[in-house]
Amino acid sequence: MLNISLDTLIAVLDYSSVIEALQQVFVSDFEMPLRHHHFYHSREGTENTLILMPSWTSEFLGIKQVVVAPDNPAKNLPSINAQYTLLDANTGQVLAVMGAAYLTSVRTACTSALAAKYLARQDAETLLVVGTGKVAFHLVQAHCKIRNYRRIIIWGRNVDKASKMSAKLLSLGFKTEVANSLEDAVDEADVISCATMSAEPLIEGKWLKPGQHLDLVGAYKPHMREADDLAIERSSLFVDSRDGALHEAGELAIPLKNGLISIDSVQADIVELCSARHKGRNSKEEITLFKSMGLAVEDLAAATLAYRRLKDGNLQ
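Here we summarise the structure given alongside this text.

How each quantity is defined
- Residues numbered from 1 in each chain as written.
- Predicted model: local features only at pLDDT ≥ 70, side-chain atom pairs only at ≥ 80, totals over all residues.
- Heavy atoms only, no water.
- Helix = DSSP H or I, 4+ residues; strand = E, 2+ residues; numbered from the N terminus.
- Rg over C-alpha atoms; globule rule 2.2 N^0.38 Å.
- Buried < 20%, exposed > 50% of the residue type's maximum accessible area, 1.4 Å probe, protein only.
- Contact = heavy atoms within 4.5 Å.
- Lys, Arg positive; Asp, Glu negative; His and termini not counted.
- Charge placed at Lys NZ, Arg CZ, Asp CG, Glu CD.
- Salt bridge = Lys/Arg side-chain N within 4 Å of Asp/Glu carboxyl O.
- Axes fitted to C-alpha atoms, helices over the stretch in contact; angles between N-to-C directions.
- Parallel < 35°, antiparallel > 145°, perpendicular 65-115°, else oblique.
- Nonpolar A, V, L, I, M, F, W, Y, C, P; charged D, E, K, R; others polar.
- Core = buried A, V, L, I, M, F, W, Y, C linked by side-chain atoms within 4.5 Å.
- Phe/Tyr/Trp six-rings, centres within 6.5 Å; stacked < 30°, edge-to-face > 60°.
- Lys NZ or Arg CZ within 6 Å of the ring centre and 35° of its normal.
- Pairing = 2+ DSSP bridges.
- Expected span 1.5 Å × (residues − 1).
- Left-handed = near helix turned anticlockwise from the far one by under 90°.

**A short note on the overall build of the protein chain**
From N to C terminus, the protein chain includes 11 helices and 14 strands. Scaling as 2.2 N^0.38, a compact globule of 316 residues should have a C-alpha radius of gyration of about 20 Å, and the protein chain matches this with 19 Å. Its C-alpha atoms put the protein chain at 55 × 45 × 45 Å along the principal axes. The 316 residues of the protein chain split such that 54% are buried. Long-range contacts, defined here as pairs at least 24 residues apart, represent 69% of the contacts in the protein chain between residues at least 6 apart. If the 32 positive side-chain charges of the protein chain are averaged to one point and the 38 negative ones to another, these points end up 4 Å apart.

**Comments concerning the pattern of salt bridges**
A pair can form between side chains of opposite charge whenever their charged atoms are brought close. Counting across every chain of the model gives 18 salt bridges. We note a salt bridge from Lys 64 to Asp 299, for which the minimum N-O separation is 3.2 Å. Of this pair, Lys 64 sits in strand S4 (residues 60-68) while Asp 299 sits in helix H11 (residues 296-312), and the two are 235 residues apart along the sequence. This pair shows no difference in class: Lys 64 is buried, exactly as Asp 299 is. Measuring nitrogen to oxygen at the nearest pair gives 3.2 Å for the salt bridge that ties Glu 272 to Arg 242. Taken together, the residues Glu 272 in helix H10 (residues 270-274) and Arg 242 in helix H8 (residues 242-248) connect sequence positions 30 residues apart. Among the charged side chains, a salt-bridge network with shared partners connects Lys 64, Arg 107, Glu 298 and Asp 299.

**Here we look at the packing of helix H2 (residues 15-26) against helix H3 (residues 101-119)**
Contact geometry for H2 and H3: axes closest at 9 Å, N-to-C directions at 70 degrees. When the interaxial angle is binned, H2 and H3 end up roughly perpendicular. Contacts between H2 and H3 involve Tyr 15, Val 18, Ile 19, Leu 22, Gln 23 and Phe 26 from the former and Val 106, Arg 107, Cys 110, Thr 111, Ala 113, Leu 114, Lys 117 and Tyr 118 from the latter. Of the residues that constitute the contact of H2 with H3, the class distribution is 10 nonpolar, 2 polar and 2 charged.

**Let's talk about the nonpolar core**
Judged by nonpolar contacts, the single largest core of 70 residues is most densely connected at Phe 26 and Ile 270. Sort the elements by how many residues they give to this core and H3 lands first, with 11 residues. If sequence neighbours within four positions are ignored, Ile 270 has contacts with Phe 26, Leu 114, Ala 115, Val 239, Asp 240, Phe 290 and Leu 295.

**Some words on the packing of aromatic side chains**
For the structure on display, the rule yields 1 aromatic pair. Ring geometry for Phe 60 against Tyr 307: centres 6.0 Å apart, planes inclined by 75 degrees, an arrangement best described as edge-to-face. You can see Phe 60 sitting in strand S4 and its partner Tyr 307 sitting in helix H11, a full 247 residues away along the chain. Using a relative accessible area of 6% as the deciding quantity, one classes Phe 60 as buried. Its end group placed over the ring of Phe 137, Lys 168 keeps NZ or CZ at 4.6 Å from the ring centre.

**Topic: the sheet that holds strand S7 (residues 126-130)**
The 8 strands lie next to each other as S9-S8-S7-S10-S11-S14-S12-S13, forming an open sheet whose pairing is parallel. Both outer strands of the open sheet, strand S9 (176-178) and strand S13 (266-269), are each paired with one neighbouring strand and no more. Across the sheet, the mean angle from the axis of one strand to that of its neighbour is 20 degrees, orientation sign disregarded. Sitting on the sheet, H3 touches strand S11 (213-216), strand S12 (236-239) and strand S14 (288-291), and the angle it makes with S14 is about 155 degrees. Contacting S7, strand S8 (151-155), strand S10 (191-194) and S11, helix H4 (residues 134-143) runs over the sheet at an angle of about 160 degrees to S7.

**A few points about H11**
Over its 17 residues, H11 runs 24 Å from end to end, which matches the ideal 24 Å to within 8%, given 1.5 Å per residue. Where burial is concerned, most of H11 is hidden: 13 out of the 17 residues are buried. At the exit of H11 stands Gly 313, carrying a positive phi of roughly 70 degrees.

**Here's the deal with the packing of H2 against H11**
One way to put it is that H2 packs onto H11 with a least axis distance of 9 Å and a crossing angle of 120 degrees. Taken together, the axis directions place H2 and H11 in an arrangement best described as oblique. Considering only the axes of H2 and H11, their crossing is right-handed. For the pair H2 and H11, contact is made by Ser 17, Val 18, Ala 21, Leu 22, Val 25 and Phe 26 and by Val 297, Glu 298, Ala 301, Leu 305 and Arg 309, respectively. Of the residues in the contact of H2 with H11, the class split is 8 nonpolar, 1 polar and 2 charged.

**Side note on the side chain of Thr 85**
In this fold, Thr 85 is placed in strand S5 (residues 80-88). The residues contacting Thr 85, other than those within four sequence positions of it, are Leu 61, Gly 62, Ile 63, Gln 65, Val 94, Ala 96 and Val 97.

**Observations concerning the sheet that holds strand S6 (residues 94-99)**
Sheet architecture is open: 6 strands sit in the order S1-S6-S5-S4-S3-S2, paired in mixed fashion. The open sheet is flanked by strand S1 (2-4) and strand S2 (36-41), the only strands paired with a single partner. Strand-to-strand, the axes of this sheet are offset by a mean angle of 15 degrees, without reference to chain direction. Where strand S3 (residues 47-56) meets S4, 8 bridges bridge the pair, whose relative direction is antiparallel. The residue bridging Leu 50 from the neighbouring strand is Val 67, located in S4. Strand contacts of H3: S3, S4, S5 and S6, with the helix running at about 85 degrees to S6, the strand carrying the most contacts. Contacting S1, S3, S4, S5 and S6, H11 runs over the sheet at an angle of about 65 degrees to S5.

Spelled out as C-alpha cells, the structure:
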C-alpha cells in the first residue's frame with residue numbers, strides 16, 4: 001500500500017495529465033452513486049458533517065471521506081479534513097491512501113479547464129479568475145493549458161489576498177494583474193472563472209457580453225450563488241452533473257424553483273461534451289456557462305493517475 005504525501009501529489013499531478021485523465025474517465029464505463037451525507041454532533045454539541053464520495057471502474061474503486069467540523073478554526077484546525085482511499089476494485093485490497101485537499105483542488109480546476117475546451121472561444125485571450133483561495137490559484141494554471149491567454153486578471157474582495165496570489169502566479173511565469181473593479185474586469189474578459197464562498201451573486205447578467213464563457217465553481221449549497229438570474233437566463237447552460245448542479249447549487253436550483261429555467265434548459269453535462277454527444281459552443285456570439293459541483297469520479301481519475309505514475313516510476 002502506498003501512503004502518498006502532499007509533496008508527492010504535487011510532483012505527479014500536473015495539470016495537463018489530470019485534464020487528460022478526466023477526459024478518459026468521462027468516456028469510460030464508471031459507476032458513481034450519490035454522495036452520502038451524515039450528520040453527527042461533536043462533544044461541544046456542534047453539528048459536524050461526514051461526506052462519503054465513492055466511485056469505481058472495472059479496475060479501481062475510490063472513496064473520499066470528508067469531515068466538516070465548523071468549530072475547528074477556533075482550535076486552530078482546518079474546518080474541512082479529507083482523505084482518499086484507492087482500492088483494487090476486484091480484490092478490495094487497499095492500494096493507496098492520500099490527503100484529499102490538494103487532490104480535490106486540482107481535479108476541480110482541471111474539470112473546469114476541460115469544460116472550457118468545448119465551451120470557451122478558440123480565440124479567447126483574457127482570463128478573469130474571481131476568488132483568491134486554493135482552487136482559484138489552480139484555476140489560472142489549469143485554464144492556461146487549454147487556451148493561450150495573453151492576459152490574466154485576478155479579482156478578490158480582499159485586495160491584499162488578490163495581490164499575494166497574483167504575485168505568486170507571477171513568480172511561476174504567469175502574466176497576472178489585479179482588478180479593482182469586478183464589473184470592469186468582467187467587461188474585459190473572454191473567460192470568467194469563479195471560485196468563491198459567496199452566498200450572494202457576484203456576476204451580474206447585465207455585465208456579460210456575447211462570446212463569453214462563465215465558469216462557476218464556488219457556490220455549493222442551495223442558498224449560495226455566484227451569478228444572478230439574468231446571467232443564467234442569458235447563458236447556454238452546461239454542468240458536470242444535472243442532479244448536483246440543478247438541486248444542490250443555488251445558481252441553478254433557485255432559478256429552477258422559481259420557474260426561470262427547467263431541467264431541459266441544461267444542454268449537456270461533462271460526459272456528453274467529452275463523448276461528443278454535444279459539440280459544446282455553437283457560435284462566437286453564444287454566452288456559455290458551466291456549473292461544477294464536483295464529482296467522485298473526478299477524484300478517482302486523479303488518484304488513479306497518481307497511483308499509476310508512482311507504481312510505474314513514471315513522474316513525467
